[in-house]
Protein chains: 2
Amino acid sequence: MRLLLYTAGSDADAWIDALRHALPAARIEPWPGPAASAADYALVWKAPPELLRDLRRVKAVFNLGAGVDAIVGDPALPPEVCLVRLEDAGMAEQMAEYVCHAVLRRYREFDAYAQQQRAGLWQPRRRTSKRAFGVGILGLGALGTAVATALTPFGFPLRGWSRARKQIAGIATFAGASELDAFLSGACVLVCLLPLTRDTQGLLDRATLSQLPRDAYVVNVSRGALVVDQDLLALLDSGHIGGAMLDVFRDEPLPPEHRFWHHPRVALTPHISAVTQVDESVAQIADKIRRIEAGLPITGIVARERGY
Amino acid sequence: MRLLLYTAGSDADAWIDALRHALPAARIEPWPGPAASAADYALVWKAPPELLRDLRRVKAVFNLGAGVDAIVGDPALPPEVCLVRLEDAGMAEQMAEYVCHAVLRRYREFDAYAQQQRAGLWQPRRRTSKRAFGVGILGLGALGTAVATALTPFGFPLRGWSRARKQIAGIATFAGASELDAFLSGACVLVCLLPLTRDTQGLLDRATLSQLPRDAYVVNVSRGALVVDQDLLALLDSGHIGGAMLDVFRDEPLPPEHRFWHHPRVALTPHISAVTQVDESVAQIADKIRRIEAGLPITGIVARERGY
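Cut-offs applied
- Residues numbered from 1 in each chain as written.
- Chains lettered and ligands numbered in written order.
- Predicted model: local features only at pLDDT ≥ 70, side-chain atom pairs only at ≥ 80, totals over all residues.
- Heavy atoms only, no water.
- Least-squares fit on C-alpha atoms with pLDDT ≥ 70 in both.
- Contact = heavy atoms within 4.5 Å.
- Phe/Tyr/Trp six-rings, centres within 6.5 Å; stacked < 30°, edge-to-face > 60°.
- Lys NZ or Arg CZ within 6 Å of the ring centre and 35° of its normal.
- Buried < 20%, exposed > 50% of the residue type's maximum accessible area, 1.4 Å probe, protein only.
- Helix = DSSP H or I, 4+ residues; strand = E, 2+ residues; numbered from the N terminus.
- Buried area = accessible area lost by both parts, 1.4 Å probe.
- Salt bridge = Lys/Arg side-chain N within 4 Å of Asp/Glu carboxyl O.
- Polar contact = N/O pair within 3.5 Å; in protein donor to acceptor, adjacent residues only side chain to side chain.
- Axes fitted to C-alpha atoms, helices over the stretch in contact; angles between N-to-C directions.
- Parallel < 35°, antiparallel > 145°, perpendicular 65-115°, else oblique.
- Left-handed = near helix turned anticlockwise from the far one by under 90°.
- Nonpolar A, V, L, I, M, F, W, Y, C, P; charged D, E, K, R; others polar.

A.B. asks: I'd like a description of the relation of the copies chain A and chain B, backed by residues and values.
C.D. replies: Between the two copies, chain A and chain B, the superposition gives an RMSD of 0.0 Å; the rotation angle is 180° and the shift along the axis is 0.0 Å. Such a combination of turn and shift is consistent with a two-fold rotation axis. Taking the C-alpha atom as reference, chain A places His101 of chain A closest to the rotation axis, 2.7 Å from it. A share of 100% of the interface residues of chain A reappears at the interface of chain B, consistent with the copies meeting face to face through the same patch.

This is the structure:
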């Protein structure tokens with residue numbers, strides 16, 4: 001069995017090592033090198049069109065991340081190819097850590113206390129009622145659901161929104177465009193975990209962000225292009241949005257001149273909320289390859305027309 | 001039944017309202033006012049000696065906080081009086097929020113990322129292995145146990161230390177002076193939740209803090225006097241201790257000239273990690289009064305000679 005590997009330069013050796021252990025009978029072939037057209041499976045991250053174009057013979061292309069927006073719309077990828085995304089693979093735990101931190105940071109006003117410390121001000125702040133502090137999760141896939149589960153013990157009123165209706169215990173769920181405003185109106189913290197698709201591109205613009213309650217906090221951990229940066233900045237400037245914690249951006253690295261860098265209401269991190277874990281990912285991919293070889297169904301196949 | 005109330009000026013009206021609802025047959029008497037010697041029960045916070053001295057007739061004195069260090073050693077309090085501390089009463093939940101935030105903040109290096117943001121630096125940092133990131137809880141009472149429970153889902157290796165040995169599922173427990181160094185040596189984050197007593201005063205000095213692994217993080221949410229400030233500062237300066245999040249201090253408000261205010265490795269908050277919740281506290285106290293009146297035993301009685 002021939003496995004083609006393209007990691008966009010990051011940590012290729014670690015992937016090769018892990019794959020050799022998990023699939024000892026396979027030939028692991030980093031690209032560029034052998035012809036992509038000879039591969040049985042391809043494992044790729046941000047692959048160039050000349051690679052994708054040759055993947056006519058593969059049984060599956062595994063995207064080395066949860067978000068497939070960098071590949072799903074690429075016209076070079078043959079339409080009949082089975083594209084598979086990573087599911088969790090160690091990312092849900094990291095995402096839960098990041099989001100729990102962000103929600104507690106906001107609820108307990110640690111940024112305001114840091115400001116008071118800089119000013120030498122000893123001043124306990126009036127506690128926000130937890131019952132009135134709704135946390136809204138935009139996107140209820142594997143990561144959104146894991147984040148909701150991690151937040152549950154803290155007792156915040158949780159609400160979630162997804163394209164198609166879902167039922168999750170302990171969460172008020174909303175679905176589809178018609179219920180988006182109602183969802184947003186109760187989210188003191190909005191956690192964005194949607195995939196980037198044609199439908200979600202620019203979804204968080206002035207109109208939608210204005211539906212959030214005054215002084216809301218925006219946490220974006222999925223893709224930068226879901227947010228219209230200028231609209232978010234305008235609402236941060238006006239104070240309608242009280243703060244934002246951003247891990248993802250339209251252009252990464254975030255360009256030095258971007259206002260997010262030094263906006264007093266923005267905390268940013270360099271796309272580290274949940275990074276692909278090589279060992280967990282390889283175990284998941286190897287398991288799926290064995291299932292495909294055995295003629296069994298697998299999960300995580302991307303619906304190309306839907307975009308995720 | 002006559003209830004004497006002394007709240008050191010904070011929010012007396014809220015206490016009176018809640019007590020009237022919970023114990024409609026009782027006479028609530030704020031002090032100064034009636035003679036303390038006529039009271040059946042006293043509810044006090046940081047009461048002056050002239051009040052304590054007169055409490056000879058009361059069936060119990062309820063301390064309006066979990067820490068009794070401000071009253072237990074006061075020679076004005078008659079030795080035969082039954083002193084009762086608050087147990088949890090809404091504080092455990094707040095403490096869990098504060099500590100989970102502090103641990104995630106440290107583990108995911110959000111302070112380092114904030115520094116990078118100020119410097120305009122886009123640089124993902126190497127992830128710390130969670131298996132090597134021990135979190136140590138000093139003090140396994142109601143609050144320490146609640147904090148451990150709240151941390152459990154995040155998967156950090158947890159260890160706890162207490163005076164007398166305790167068994168708690170999922171935590172490596174250590175007990176007594178002879179096991180303190182072993183406990184400290186595995187605590188990348190040290191969370192201090194001990195009561196302040198003769199034995200714990202100044203417990204965290206240069207000798208004990210030096211047992212922590214290099215670059216450890218210290219979270220103090222119990223009492224400032226557990227820490228020898230100059231020793232903590234020296235170890236922060238040397239880098240042996242990587243950072244501290246401090247909510248409690250020897251003198252509160254923290255004096256303006258104290259170095260903690262502007263130390264680059266210190267985040268501080270004005271004693272807000274867990275504040276007494278009036279409604280929950282009154283419900284707990286009213287329940288205990290009803291039990292005493294019915295001749296039933298109660299929990300939370302302070303062992304005066306032990307100090308908590």
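A.B. asks: Which residues make up the packing of aromatic side chains, and what values go with them?
C.D. replies: Aromatic ring pairs are reported here in terms of the distance separating the ring centres and the angle at which the planes meet. Summed over all chains, the structure comprises 18 aromatic pairs over all chains. By the ring-pair criterion, three or more aromatic residues cluster together here, those being Tyr107, Phe133 and Phe156 of chain A. Taking NZ or CZ as reference, Lys130 of chain A lies 5.0 Å from the ring centre of Phe156 of chain A, over its face. Note that Arg306 of chain B overlies the ring of Tyr308 of chain B, its terminal NZ or CZ placed 3.8 Å from the centroid.

A.B. asks: Explain helix H8 (residues 229–238) of chain A to me, and be specific about the residues and the numbers.
C.D. replies: All names here are of chain A. Residues Asp229, Asp231, Leu232, Leu233, Leu235 and Leu236 constitute the buried set of H8. Considering only its buried residues, H8 is in contact with helix H7 (206–209), strand S11 (241–246) and strand S12 (266–268). Once H8 finishes, Gly239 follows within two positions and takes phi at roughly 90°, a positive value.

A.B. asks: Now, about the interface of chain A and chain B: what can you tell me, with residues and values included?
C.D. replies: The partner chain B presents 43 residues to the 43 residues of chain A that form the contact. Of the roughly 3,500 Å² buried between chain A and chain B, counting both surfaces, carbon and sulfur atoms make up 67%. For the interface between chain A and chain B, the tally reads eight salt bridges. As a salt-bridge pair, Glu97 of chain B and Arg108 of chain A come within 2.8 Å of each other at their nearest N and O atoms. The tally of links from chain A across to chain B stands at 20 residue pairs in polar contact (both at pLDDT 80 or more). Among the secondary structure elements, those contributing two or more residues to the side of chain A that touches chain B are helix H3 (91–107), helix H4 (110–118) and S12 of chain A. Sorting elements by how many residues they give to the side of chain A that touches chain B places H3 of chain A first, with ten residues.

A.B. asks: Provide a residue-level description of the packing of H3 of chain A against helix H3 (residues 91–107) of chain B, including the pertinent values.
C.D. replies: In contact at an axis separation of 9 Å, H3 of chain A and H3 of chain B are set at 130° when each is read in the N-to-C sense. Considering their axes alone, H3 of chain A and H3 of chain B lie oblique with respect to each other. Helix-helix and strand crossings are classified by hand; for H3 of chain A and H3 of chain B the assignment is left-handed. Between H3 of chain A and H3 of chain B, the residues in contact are Glu97, Cys100, His101, Leu104, Arg105 and Tyr107 of chain A and Glu97, Cys100, His101, Leu104, Arg105 and Tyr107 of chain B, respectively. When grouped by side-chain class, the residues that make up the contact of H3 of chain A with H3 of chain B number six nonpolar, two polar and four charged.

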